[in-house]
Amino acid sequence: MAEVAQPPTEPQARHVTYCGVCTLPPEYCEFGGTAKKCQEWLKDEEPELYQRLYSDEAISANLSTLSVSVQERAAKDAAKKEAKAAAAEARDAERRATSKVQIKRVERNKRKHVSVVIGLEVYGLENKKVAKDLGKKFATGSSVTKSASGIEEITVQGDVCEDIKEWLLENFEKSIAESNIEIIEDKKKKKAAAEA
């Protein structure tokens, strides 16, 4: 008897759902630090998958295979991870609330000025991307440099401090409050030197 060869079948693509909170697949959310928030998100966004993973039957089936000591240890570990994530989130929120974005007007030569922006990293913004956007917005040169103290700063050509403040408030109103932006005038003290 001759065997009839079957043509190879094409592999089927799988649709993978990723959590909107921790960006892991929902099956692995328990290993992140935000398990409770992930469960709430999954319940709202993917109710069928939530039922499959977190229904009473699924949880009891998974727990029945574990010993009592392992169950207790897993509960303690989950509580520790959740507490650690909450503490880190609180620290980040506190740091954001207390830190300031400084916009300085620096005089270069006679009537030439540049605007320097410092402190955007705390709010999760990438300096290079913001510098590029500012350069496009104001049609001027914009770059990221390191200051003498080693802090990255965005330098924009021209005196556009007020415009930068408005632009930051328009584009990043959710993360940066107006009270956290301060404009600093960096003037050379020619009059004081002339009087002395």
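What comes next concerns the included structure.

Each value, and the rule that gives it
- Chains are numbered independently. Their residues run from 1 in the order of the written sequence.
- In view of the model being predicted, local features appear only for residues whose pLDDT reaches at least 70, and side-chain atom pairs are presented and counted only at 80 or more, with totals across whole chains, interfaces and linings using the full set of residues.
- The side-chain quantities take in all heavy atoms of the structure and omit both hydrogens and water.
- Relative accessibility thresholds used throughout: buried, under 20% of the residue-type maximum; exposed, over 50%; partly exposed, between the two (1.4 Å probe, protein chains only).
- Elements are defined by DSSP. Helices are runs of H or I of four residues or more, strands are runs of E of two residues or more, and each kind is numbered from the N terminus.
- What the arc covers is the set of directions going from the helix axis to the C-beta atoms.
- Each aromatic pair joins two rings of Phe, Tyr and Trp (for Trp, the six-membered one) with centres within 6.5 Å, and gets the label stacked for planes under 30 degrees apart, edge-to-face for over 60, and tilted for any other angle.
- Strand pairing is defined by DSSP finding a minimum of two bridges between the two strands.

### Digging into helix α6 (residues 161-171)
Given 3.6 residues per helical turn, the α-helix brings residues three or four places apart onto the same face. Turning to α6, its buried residues are Cys-161, Ile-164, Lys-165, Trp-167 and Leu-168. One side of α6 carries all its buried residues, which in axial view fall inside an arc of 165°.

### A short note on the packing of aromatic side chains
All told, the structure shown has two aromatic pairs when counted by the stated rule. For the ring pair Tyr-50 and Tyr-54, a centre distance of 5.5 Å and an interplane angle of 40° mean the geometry is tilted. Highlighted residues: Tyr-50 and Tyr-54, both in helix α2 (residues 47-54), separated by four residues, approximately one helical turn. Accessibility assignment for this pair places Tyr-50 and Tyr-54 in one class, buried. On the basis of an interplanar angle of 80° and a centroid distance of 5.8 Å, the ring pair of Trp-167 and Phe-172 is categorised as edge-to-face. Under the relative-accessibility criterion, Phe-172 is labelled buried at 19%.

### Digging into the pairing of strand β2 (residues 113-118)
The side chains of a regular strand alternate, first on one face of the sheet and then on the other. With six of its six residues buried, β2 lies for the most part within the structure. Covered by surrounding structure in β2 are His-113, Ser-115 and Val-117 together with Val-114, Val-116 and Ile-118, the residues of both alternating faces. Bridge count between strand β1 (residues 101-107) and β2: six bridges; the pairing is antiparallel. In the strand pairing of β2, Arg-105 is matched with Ser-115. Here five bridges tie β2 to strand β4 (residues 152-157), and the two strands are oriented antiparallel to one another. Its bridge partner being in β4, Val-116 is matched across the sheet by Thr-155.

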